[in-house]
Amino acid sequence: MPFFPSTPIAKLTGHTGPVHAVAYSSSPHTYLLTGSADRTIRLFNPSKAPPSSVAPASSAAYAPGLVTKYSAHGYEVLSIDVNAANDKFVSTGGDKTVFLWDVQTAQTIRRFTGHAGRVNRGVFGGEGDSVIVSGSFDGTVRVWDVRSTSYKPIMMFSDAKDSVTDVLVFDAEIVSGSVDGRVRSYDLRSGMCQVDVIGHPVTSLSVSKKGTECLVSSLDSTVRLMDRGNGQLLKAYRDDAFVNTELRVRSTLGFNDSVVVSGSDDGMVFAWVLLDGTVLQKFRHSEMREVKGKVDKKEKGNKDVVSAVAVCPSRKEWASAGGDGNVIVWGLDP
Amino acid sequence: MDEEDKAEAAESRQLETVQSFETIGRVGGNQSDALFGLFVTEEETMGVKIAQKMGWRRDQGVGRKVRRTARLDDNVGANDASSAHMFAPKDSRMMSTIREDANRKGLGYQSEARLGTGKEKESEDRPMLALTFLEGSSKTQAPKKAAPKKSSFGVGVLNDTGSDDEDPYELGPKITFNKTIGKNKKAKKPSKFAKPGAGEQHVFKPKKVSAQSAGLPRLSHDGKPPLPGFVLATQYIDLTSKKRYPPPQIPPGWKSSKPVTPPGEHPGQQSVSDAAKASTLDAKARASLLGETMLPGKSVFDFIPKEARDRLASITGKTNLPQGRGEGAPEGYQDPNSSKPKDLWTFVPVLDKSTAAAALAKGATGWMPYAEDPAKRTRYTGFLSLRAGLRTDLPERPANMPVSDWAKELQEFAHAAEVFKPSTGLMASRFTSSTSSSLPGNANPTSNKNENLLRKAAAKPEDPAEQAAKLGMYGPMTRSNFPFHPSRLLCKRFNVRPPPDVPHSADAGPHGDGHGFASRTEEAVSKAAMERMMQEVLTKGAPALQRPAWMGIPEQDKESAKGVPEVEHANVDVERNDALTKERAPEDVFRAIFGDDDDEE
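Remember, it's a predicted structure, so these values are computed and weren't measured experimentally.

Peer 1: Please explain the confidence of the model for chain B as it appears in this structure.
Peer 2: Low pLDDT means the predicted atomic positions in that stretch should not be read closely. All names here are of chain B. For chain B, mean pLDDT is 66; residues scoring 70 or higher make up 46% of the total. Mean pLDDT values for the elements of chain B range from 40 in helix α16 (residues 510-518) up to 90 in helix α3 (residues 46-53). This stretch, residues 134-147, has a pLDDT under 50; its non-local contacts, to residues over four places away or in other chains, come to 27 contacts. When the criterion is pLDDT under 50, residues 552-568 qualifies, and its contacts beyond four places in sequence or with other chains add up to three contacts. What the predictor reports for the complex is a pTM of 0.45 with an ipTM of 0.84.

Peer 1: How should I be thinking about the nonpolar core in this particular structure?
Peer 2: Nonpolar side chains in soluble globular proteins generally cluster together in the buried interior. V133, V143, F157 and I174 of chain A together with F484 and L490 of chain B are the most contacted members of the largest nonpolar core, which totals 23 residues. Among the elements of the structure, β11 (131-136), β12 (141-145), β13 (155-157), β14 (164-170) and β17 (192-197) of chain A together with α15 (488-494) of chain B are those that each provide at least two residues to this core. Counting residues per element, this core draws most heavily on α15 of chain B, at three residues. Setting aside anything within four residues of it in sequence, one finds V133 of chain A in contact with R121, G122, V123, V141, R142, V143, V167, V169 and I174 of chain A.

Peer 1: Quick question: what am I supposed to make of the environment of L332 of chain A here?
Peer 2: All names here are of chain A. Tracing the sequence through the fold places L332 in the segment after β29 (327-331). Overall, the relative accessible area of 30% leaves L332 in the partly exposed class. Sequence spacing of L332 and P8 is 324 residues, and the spatial spacing of their C-alpha atoms is 8.1 Å. Ignoring sequence-local partners within four residues, the contact set of L332 consists of F3, F4, P5, T7, I9 and K316.

Peer 1: So what exactly am I meant to see when it comes to a nonpolar patch on the surface here?
Peer 2: All names here are of chain B. Nonpolar side chains collect at one region of the surface, where M46, I50 and M54 lie side by side and expose about 360 Å² of accessible area between them. With respect to the element layout, M46 can be found in helix α3. Owing to a relative accessible area of 51%, M46 belongs among the exposed residues under this scheme.

Peer 1: Is there a simple way to explain the sheet that holds strand β4 (residues 40-44) of chain A in this structure?
Peer 2: All names here are of chain A. Strand order in the open sheet formed by four strands is β2-β3-β4-β5, and the pairing between neighbours is antiparallel. In this open sheet, the two edge strands, each paired with only one partner strand, are β2 (19-24) and β5 (66-71). Sheet twist, expressed as the average angle between the axes of neighbouring strands with direction ignored, equals 20 degrees. Here β4 runs beside β5; their pairing, made up of five bridges, is antiparallel.

Peer 1: I would appreciate a short explanation of a negative patch on the surface in the present structure.
Peer 2: Residues and elements named next belong to chain B. On the surface, D2, E3, E4, D5, E8 and E11 cluster together into a negatively charged patch. Examined against the element boundaries, E11 turns out to sit in helix α1 (residues 3-12). Owing to a relative accessible area of 51%, E11 belongs among the exposed residues under this scheme.

Peer 1: Would you explain the pattern of salt bridges in this entry?
Peer 2: Side chains that differ in charge, positive against negative, can pair when their charged atoms come close. Residues and elements named next belong to chain A. The final tally for this structure, using the stated rule, is 18 salt bridges over all chains. D220 is the salt-bridge partner of R224, the closest N and O atoms lying 2.8 Å from each other. Exposure remark for D220: the relative accessible area of 21% places this residue in the partly exposed category. Each of R121, D166 and R250 takes part in a single network of salt bridges with overlapping partners.

Peer 1: Before we go on, may I ask you to explain the sheet that holds strand β6 (residues 77-82) of chain A in this structure?
Peer 2: Pairing between the strands of a sheet is mediated by backbone hydrogen bonds and can be parallel or antiparallel. Residue and element names in this part refer to chain A. A sheet is described by the order of its strands in space; here four strands give the open sequence β6-β7-β8-β9, paired in antiparallel fashion. Both edges of this open sheet fall to β6 and β9 (107-113), since each of them pairs with a single strand only. Within the sheet, the average angular offset between the axes of one strand and its neighbour, ignoring direction, is 20 degrees. Taken together, the five bridges between strand β7 (residues 88-93) and strand β8 (residues 97-102) define a ladder with antiparallel strand orientation. Looking at β8, one finds that V90 is bridged to L100.

The rules behind each value
Residues numbered from 1 in each chain as written. Chains lettered and ligands numbered in written order. Predicted model: local features only at pLDDT ≥ 70, side-chain atom pairs only at ≥ 80, totals over all residues. Heavy atoms only, no water. pLDDT = per-residue confidence, 0-100. Helix = DSSP H or I, 4+ residues; strand = E, 2+ residues; numbered from the N terminus. Contact = heavy atoms within 4.5 Å. Core = buried A, V, L, I, M, F, W, Y, C linked by side-chain atoms within 4.5 Å. Buried < 20%, exposed > 50% of the residue type's maximum accessible area, 1.4 Å probe, protein only. Patch = residues over 30% accessible without salt bridge, like charges linked within 9 Å, V, L, I, M, F, W, Y side chains within 5 Å. Areas by Shrake-Rupley, 256 points an atom, 1.4 Å probe, with all protein chains shown as cover. Salt bridge = Lys/Arg side-chain N within 4 Å of Asp/Glu carboxyl O. Pairing = 2+ DSSP bridges. Axes fitted to C-alpha atoms, helices over the stretch in contact; angles between N-to-C directions. Lys, Arg positive; Asp, Glu negative; His and termini not counted. Charge placed at Lys NZ, Arg CZ, Asp CG, Glu CD.

In structure tokens form, the structure reads like this:
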């Protein structure tokens, strides 16, 4: 059993709204980028932000660990993705635009408009991160060209009948998940699109390192591991305390594809063992602690959602982003 | 001649406009022909053209040919009878076609500012008849310009003091054209018809001018002298102010021998209107009195009912209208429907045949209303087919339905047909029909009644994939494939080779084409068009080499053209769409034609 990091080692504060996106920078994964409903993106250095950090009283002051603040979005930031070279990142949000930022100068290099609704996800893709793939509430997946100056997407997939909640790029395949309950995988090499019917609105996609499986979160409080080759279900991850029926909550594979980590509607973070589906651990984000045993139901009305989780690919470390505006970085006991 | 004479002669020389360019007036023309000359501008009217076609020539007269001698010169004529030939009659003078009403007033008209009463009978030294009303009486009235006006108050702009009869609006030229250059020393008083030089030129005036014939035209308009005892008038007699002669004086003491009845006393004499009012006869009675045969026509009063006639009488106040008889229409004019007012057919509403047919067609392919009541639906289709002309019998009426309900139902059907006919054109392109299950025939028969009461929304057909997913049976049932066509740029960015467009055979569902087409990229030239062009190039040769049609088709093209008509019917395969999935032409051809902007590897 993998030793799952369960000690908070950093707390990133400063956001004044729920944090919807969290992403590790590319190797060596030193930094964390967080995007929030307060329309800002913050670049943190977790090592500089001890768990005892408190959000600064005034927003002008720098929270501990904050490196840069990026402000250009007009609406909440819904997703962040960092390119492999660590010098650019893409952010999308409620203002229907896809922003390509330069990390150093904190300015947007490109702004792609064209979506008709909020852009739920934007990821880099292609050779050398030459394209950005974005999925939006308007049901389309658009592929934008970073290299050219065209304002029109290279390609647009409008097969989804409802909002596209997540997209990812794996090699030469673009995978999109939509509220219409289907996962569509466009293979550029063969020119075919494979449609998998999940049956429930899909909110999060993650693909294994090999690319043969993909993890699908859906709004029936289930996380499924699907075989991409034949569409069969490999494993379903559930728990009594795991609630995910309303909000878009991220799930991800981690630690060499050995665990499944997912946020939830009610502020819990769950970790399952991939192979057998047993719950590894549960965490309550707001209390920054692991919860053992039964979990008491939270009172209604608490917007303590853990909408994003990110696992560091290299270290035993992962982060959870909560509705209170804080991002907790969990690691092993030092 | 020395210099002075030459100078004098030069002075007297003037530059004149050519006769044919003068529109009005002429310099020193023959006075008697002045009228003629006015209209010599060659008008090619239709009448002239027609006459010419019939053999008439200009300057000829119209009429029977005259036997006379040839007139070689103006005044010299050969007197030989032998030299008499048939000639066309002499052309007669044309009547004036100037607007005659330009200067005409009604009888008794008195224009403004008449100078006096003794002016009407001016006898002017006038050359001809017709120009009277053109020139007016300006020549003699000019010296009297200063005479005070007596009638009107103030002088208007257009009112000359001396020119009464001159209508300022008449169609006569008031303009005096200067037809000569260098004639500044005109001391002539300004007259209406400027004929400059008329006074200066030497005119031959015969010494002996008889008063009678001096200015009078000799011949009437047809060339004959007036009847004996008559004299052609030179001007119209002015009848406006006739001298009134007083009645003769009655000798005193004279009594009339006739009895005088004071006016107004006419016993026994009825005026026509009185007689009409007193009459009690109507048209028919009068006709019979007179012994007329009755006209076969019927008046409208035979047909209108009594009440209508009475209404008319009361409205118009005419009580002498014939009685309304309220007859029926004569044979052959009867309206078949109206003759049976109690028929059930009246309840069947009218529906346009095309609408009914369209509503029926919609039912055949899509959806029919009254899904919950099959009997009603069959009645609906029956009504539609009746109105579409497929049936002729009355729509059926179930035994338990009263006639009024049945009639209402038919009205409802008519409205439903109007509403539910398939939309065409622009509206149709905006809407698609929902996929709904047809009659819930397989529903539980016991619960059918309950369902009829509640109008359920038509259930979406359960996607088998969805059902499988809900059951948790993920696998082949939940997976489907369809092709999409990644753009070349996209493939380039991903560093993959663009997939060949394989015409898919079985695995693509019917929606596959739609999807593939929907995810088509925005290319400048669509694939289908490009392939078409490629084929054209390959079969016909480059457009530059194609011959224009008038050069004729060379032999081999004719043969190939013959070969083509054999394949008459194109197979339409709904599943496949070759336009979308045809194999792409090789890359090299594309590159050769269109070139490539991006850097190619």
